[in-house]
Each structure stands twice: as C-alpha cells, then as structure tokens.
Amino acid sequence: MKIKLGNILEINNVLKSIIDNTELKIDALFKFRLLGIMKNLEVPIANFNVIRDEKIKEYGKELEDENGNKSIGIDANDKDAIAKFSEDINKVIDSEVEVNIDKLKSVDVFDKGLSAEYLVRLYPIIEE
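Residues numbered from 1 in each chain as written. Predicted model: local features only at pLDDT ≥ 70, side-chain atom pairs only at ≥ 80, totals over all residues. Heavy atoms only, no water.

Engineer: Explain the pairing of strand S3 (residues 70-73) here, please?
Structural biologist: The side chains of a regular strand alternate between both faces of the sheet. Alignment of strand S2 (residues 61-64) against S3, held across four bridges, turns out to be antiparallel. Residue pairing in the sheet places Glu64 in a bridge with Lys70 of S3. A loop of five residues connects S2 with S3, the two strands running antiparallel in sequence, and Gly68 in this loop sits at a positive phi of about 85°. (Pairing = 2+ DSSP bridges. Helix = DSSP H or I, 4+ residues; strand = E, 2+ residues; numbered from the N terminus.)

Written out as structure tokens, the structure is:
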C-alpha cells in the first residue's frame, strides 16, 4: 500500500506506545501483529532518519552545550537554516512510500481498549 511518510512515522509512534503500555490489556496475538507492522515500517523510517541527519549536518553547525559537549545541530536562532531544513524535510515527510503491511481489521482493533486518539492515528491502516 502507498502511504505518506508522515503517516508512517506517526503510526510507528502509536504502535510503540500501544505495545509499551502495560496498562492496556492486549492479547499476545494482537501485540504480535502490531510488532509485525512495526517491523515492516523499519526501512522507510531508517531512510528518513538518514536524510534528516544529512540535512542537520548540511544546515547545522557545531554547537556546544553548558557542559562543553559538542554536537552538530541547527541553532534555534538561525531562522534561515531552520526554514531551509524544514522545507527540505517537509518534502520528504509529504512523500508517498510503498509499504507491505496487512491492514488491521476494524473488528480486531475496536475491542482492544484502545483510546480514540490511538484509533484516529491508526486509521490509515484499519480496514472495515
């Protein structure tokens, strides 16, 4: 299926939250399915992270924190660098990516005690 990279990033974060939430009483089979979906989203997420890091290096500079630790980053006061970085990264986030995942069935999702917020974010991968 084709899906925007921004949706993939959001879905992955929600899946991680659901899996890590010990208060949710989801069964092992459902958790296994969610982990399978996360596994299939790894490649586009890793590719995004590479591009993001490259853009930070391109528009950033060496920064030093209060403890003297140095790192590469974009200075919060450098409005031009922030604008260029945002423009480039938003193009990537808005791009469509082909992923091989089986959509979740609505009957399997709605009785798991998931919040409306989780369900809305998972909507692109839920079928009727």
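Engineer: Whenever I open this one, the packing of helix H1 (residues 5-20) against helix H2 (residues 28-59) confuses me. Can you help?
Structural biologist: A pair of packed helices is characterised by two quantities: the angle between their axes and the separation of those axes. Contact geometry of H1 with H2 gives a least axis separation of 9 Å together with a crossing angle of 140°. With respect to H2, the axis of H1 lies oblique. Considering only the axes of H1 and H2, their crossing is left-handed. For the pair H1 and H2, the contacting residues are Leu5, Ile8, Leu9, Ile11, Asn12, Leu15, Lys16, Ile18 and Ile19 in the first and Lys31, Leu34, Leu35, Ile37, Met38, Leu41, Pro44, Ile45 and Phe48 in the second. (Axes fitted to C-alpha atoms, helices over the stretch in contact; angles between N-to-C directions. Parallel < 35°, antiparallel > 145°, perpendicular 65-115°, else oblique. Left-handed = near helix turned anticlockwise from the far one by under 90°. Contact = heavy atoms within 4.5 Å.)

Engineer: Could you clarify how one ought to interpret the nonpolar core in this entry?
Structural biologist: One broad trend across soluble globular proteins is that nonpolar side chains are buried collectively. Among the nonpolar cores identified, the biggest contains 33 residues, and Ile18, Leu41, Leu114 and Leu122 are the most heavily contacted of them. If you list the elements that add at least two residues to this core, you get H1, H2, helix H3 (79-93) and helix H5 (116-122). The residues contacting Ile18, other than those within four sequence positions of it, are Leu24, Ile26, Leu34, Leu114, Tyr118 and Leu122. (Core = buried A, V, L, I, M, F, W, Y, C linked by side-chain atoms within 4.5 Å. Buried < 20%, exposed > 50% of the residue type's maximum accessible area, 1.4 Å probe, protein only.)

Engineer: Sorry if this is basic, but what is going on with the environment of Ile11 here?
Structural biologist: Residue position: Ile11 is located in helix H1. Ile11 sits 22 residues away from Arg33 along the chain, and the two C-alpha atoms are 14 Å apart. Those residues in contact with Ile11 that sit more than four places away from it in its chain are Ile3, Leu41, Arg121, Leu122, Pro124 and Ile125.

Engineer: Is there a simple way to explain the environment of Leu35 in this structure?
Structural biologist: Examined against the element boundaries, Leu35 turns out to sit in helix H2. Its relative accessible area of 42% is what places Leu35 among the partly exposed residues. C-alpha separation for the pair Leu35 and Ser86, spaced 51 residues apart in sequence, amounts to 30 Å.

Engineer: Where do I start with the packing of H2 against H3 in this structure?
Structural biologist: Packing of H2 against H3 leaves a shortest axis separation of 10 Å and a crossing angle of 165°. Here H2 is positioned roughly antiparallel relative to H3, judged by the angle of their axes. Pair H2 / H3 crosses with right-handed handedness. Residues Phe48, Ile51, Arg52, Lys55, Ile56 and Tyr59 of H2 lie in contact with H3, whose contacting residues are Ala81, Lys84, Phe85, Asp88, Ile89, Val92 and Ile93. Each residue belonging to the contact of H2 with H3 can be placed in one class, and the counts come to nine nonpolar, no polar and four charged. (Nonpolar A, V, L, I, M, F, W, Y, C, P; charged D, E, K, R; others polar.)

Engineer: Looking at this structure, I do not really get the pattern of salt bridges. What am I missing?
Structural biologist: When charged atoms on two side chains of opposite charge get close, those side chains can pair. Applying the stated rule across the entire model yields 14 salt bridges. Between Asp20 and Lys16 there is a salt bridge whose closest N-O contact spans 2.7 Å. Separated by four residues within a single helix, Asp20 and Lys16 lie in helix H1, roughly one turn from each other. Classification of Lys16 as partly exposed rests on a relative accessible area of 43%. Residue Lys39 is joined to Glu42 by a salt bridge in which the shortest nitrogen-to-oxygen separation is 3.0 Å. Of this pair, Lys39 and Glu42 both sit in helix H2, three residues apart, which is roughly one turn of that helix. Here Lys39 falls in the exposed class, since its relative accessible area comes to 54%. Classification of Glu42 as partly exposed rests on a relative accessible area of 43%. Each of Glu10, Glu117 and Arg121 takes part in a single network of salt bridges with overlapping partners. (Salt bridge = Lys/Arg side-chain N within 4 Å of Asp/Glu carboxyl O.)

The quantities given are spatial measurements derived from coordinates; they are silent on function.
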